[in-house]
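Overview (structure and organization)
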Amino acid sequence: MTENFQSFIAFVREQFPGHDFIPLHAPYFGGNEKKYLLDTIDSTFVSSVGEYVNRFEAMMAEITGAKFAIATVNGTTALHLALVAAGVKPGDEVITQPLTFVATANAISHAGAVPVFVDVDRDTMGLSPEALKSFLAENASINNEGICFNKTTGKKIAACVPMHTFGFPLRIDEVVEICDQYHIPVIEDAAESLGSYYKDKHTGNFGLMGTFSFNGNKTVTCGGGGAIITNDDALAKKLKHLSTTAKQPHAWEFAHDDVGYNYRMPNLNAALACAQLEQLENILANKQALADRYKDYFADSEGQLVEPIARAKANNWLHTIILKNKEEKEAFLKFTNGQKIMTRPIWRLMNKLPMYATCQTGSLENAAWLEERVVNIPSSYRP
Ligand SMILES: *Cc1c(COP(=O)(O)O)cnc(C)c1O
């Protein structure tokens with residue numbers, strides 16, 4: 001086993017020469033980042049009003065093919081705002097997957113709702129249409145007002161938040177179709193999947209809304225930032241309004257007509273985001289080249305490299321392998337991190353965290369299987 005791990009270390013060092021410590025994912029600033037940042041300072045427009053914020057939104061709409069994009073301060077607030085705009089109210093339930101970054105479940109909690117965890121597919125690591133279908137068949141009922149209720153808890157199932165894990169698209173068209181039958185709006189957590197497509201459509205663009213993150217560890221970053229995309233005019237207006245303290249437009253009056261949020265991305269961050277988005281194609285191509293090398297390497301080595309399903313194009317945010325079992329995973333993590341090659345296990349299942357331990361779950365067989373075996377390996381841009 002150690003021999004295999006040793007050859008992995010050698011392979012990774014070859015890909016990232018000249019570095020002692022090799023991180024999981026370092027940001028890459030190779031374009032107009034400094035120029036645009038200085039621009040905001042020179043103009044004094046560093047805060048939540050400025051040309052770069054509008055430009056960022058236009059770029060996000062163009063890249064994803066969505067009609068509208070709304071900038072936010074981070075991915076968590078993008079999700080929170082999307083849930084609120086979709087009509088999620090305190091006491092409601094929101095279906096999501098147990099295998100996700102904690103922000104997905106936290107945003108549901110911030111909206112006052114309770115997450116319900118439904119299993120993932122093993123190949124996509126994202127919400128499973130099969131599991132969703134059987135969970136809803138067993139637990140859901142639609143009342144005469146057309147509202148979907150959970151028969152077990154009596155609560156409204158107000159939304160569904162599938163997440164495209166590590167940038168690998170899940171079977172999102174099937175998930176949306178099932179949710180449509182139950183009148184459940186879908187908000188895609190596409191935080192990790194900027195540049196990922198399913199059936200030639202960008203992720204985040206299948207449901208009612210999709211949300212993105214530009215945190216420091218993501219494919220492209222602006223320090224901290226997020227975005228919501230949608231094709232619905234009225235929703236886009238509502239999102240922008242709520243994200244900017246629900247202020248009614250007026251040259252000098254302060255009039256607000258709702259409990260709004262201070263969620264709009266500052267111009268300083270948007271400047272960085274615009275420069276990064278200009279580099280997106282370059283970054284994606286560079287990451288694809290590393291994916292191809294890993295594919296060759298793992299063709300005859302221990303560990304199975306995760307690949308996108310048919311008709312899916314992944315952004316290769318974090319390269320991912322599946323090890324034989326929990327023991328091999330633990331040994332791999334210990335050995336590689338000990339050699340200053342950063343590797344990381346997939347998240348602990350949300351329903352195992354203390355704040356989500358009492359949430360309802362379906363059978364979580366696949367999620368538990370993946371939790372024991374999945375590891376991310378170094379995935380940075382190689383200059
Ligand atoms: C990063 C991430 C978020 C949150 O994004 P922040 O910008 O860090 O708030 C949400 N969901 C998932 C799945 C993420 O990976």
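In this report, we go over the structure that sits alongside the text.

The rules we used
- Residues numbered from 1 in each chain as written.
- Predicted model: local features only at pLDDT ≥ 70, side-chain atom pairs only at ≥ 80, totals over all residues.
- Heavy atoms only, no water.
- Buried < 20%, exposed > 50% of the residue type's maximum accessible area, 1.4 Å probe, protein only.
- Helix = DSSP H or I, 4+ residues; strand = E, 2+ residues; numbered from the N terminus.
- Polar contact = N/O pair within 3.5 Å; in protein donor to acceptor, adjacent residues only side chain to side chain.
- Core = buried A, V, L, I, M, F, W, Y, C linked by side-chain atoms within 4.5 Å.
- Contact = heavy atoms within 4.5 Å.
- Axes fitted to C-alpha atoms, helices over the stretch in contact; angles between N-to-C directions.
- Parallel < 35°, antiparallel > 145°, perpendicular 65-115°, else oblique.
- Left-handed = near helix turned anticlockwise from the far one by under 90°.
- Nonpolar A, V, L, I, M, F, W, Y, C, P; charged D, E, K, R; others polar.
- Pairing = 2+ DSSP bridges.
- Near = heavy atom within 4 Å.
- Areas by Shrake-Rupley, 256 points an atom, 1.4 Å probe, with all protein chains shown as cover.

Moving on: helix H4 (residues 75–85). Taking burial as the measure, the 11 residues of H4 include nine buried ones, the bulk of the element. Along H4, the residues classified as buried are Gly75, Thr77, Ala78, Leu79, His80, Leu81, Ala82, Leu83 and Ala85. Among the residues of H4, the N-terminal cap falls to Asn74, whose side-chain oxygen and the backbone nitrogen of Thr76 are separated by 3.0 Å. Downstream of H4 by a residue or two, Gly87 has a phi angle that is positive, lying close to 95 degrees.

In terms of nonpolar packing, the biggest core is built from 30 residues, with Phe56, Met60, Leu194, Phe212, Phe214, Val220 and Leu277 touching the most fellow members. Sorting the residues of this core by element identifies helix H3 (51–64), strand E1 (68–72), strand E11 (226–230), helix H9 (267–278) and helix H10 (280–299) as the ones contributing at least two each. Here the element with the most residues in this core is H9; it accounts for seven residues. Beyond its immediate stretch of four places on either side in the chain, Val220 contacts Leu194, Ser213, Phe214, Asn215, Gln276, Leu277, Leu280 and Ile283.

Across the interface, helix H2 (residues 33–43) lies against H9 with an axial gap of 8 Å and an inter-helix angle of 155 degrees. Put simply, H2 runs roughly antiparallel to H9. For H2 against H9, the interelement crossing comes out right-handed. In this structure, H2 uses Glu33, Tyr36, Leu37, Thr40 and Ile41 to contact H9, whose residues at the interface are Asn267, Leu268, Ala271, Leu272, Cys274, Ala275, Gln276 and Glu278. Class assignment of the residues belonging to the contact of H2 with H9 gives a composition of eight nonpolar, three polar and two charged.

So, on to the environment of Phe212. Tracing the backbone through its elements, the reader meets Phe212 in strand E10 (residues 209–213). Between the alpha carbons of Phe212 and Ala159 there is a distance of 17 Å; along the sequence they are 53 residues apart.

This part is about the sheet that holds strand E3 (residues 114–117). The parallel open sheet is built from three strands, whose spatial order is E3-E2-E6. Two strands lie at the open edges of the sheet, namely E3 and strand E6 (157–161), each paired on one side alone. Between one strand and the next, the sheet's axes are offset by a mean angle of 30 degrees, whatever the strand orientation. Pairing geometry for strand E2 (residues 93–96) and E6, over four bridges, is parallel.

On to the site of the ligand, then. Every one of the 15 residues lining the ligand counts as a neighbour, but Gly75, Thr76, Glu192, Ser213 and Lys218 are closest to it. Glu192 places a side-chain nitrogen or oxygen 2.5 Å from an oxygen atom of the ligand. One of the side-chain nitrogen or oxygen atoms of Ser213 is found 2.7 Å away from an oxygen atom of the ligand. Protein contact buries 93% of the 380 Å² of open area that the ligand shows by itself. Those elements giving two or more residues to the shell around the ligand turn out to be H4 and helix H5 (102–110). Here the shell around the ligand is built from residues that sort into four nonpolar, eight polar and three charged.

Below, the discussion takes up the sheet that holds strand E8 (residues 197–198). Spatial strand order, E9-E8-E13: three strands in an open sheet with antiparallel pairing. Looking at which strands have only one partner, the edges of the open sheet turn out to be strand E9 (201–202) and strand E13 (312–313).

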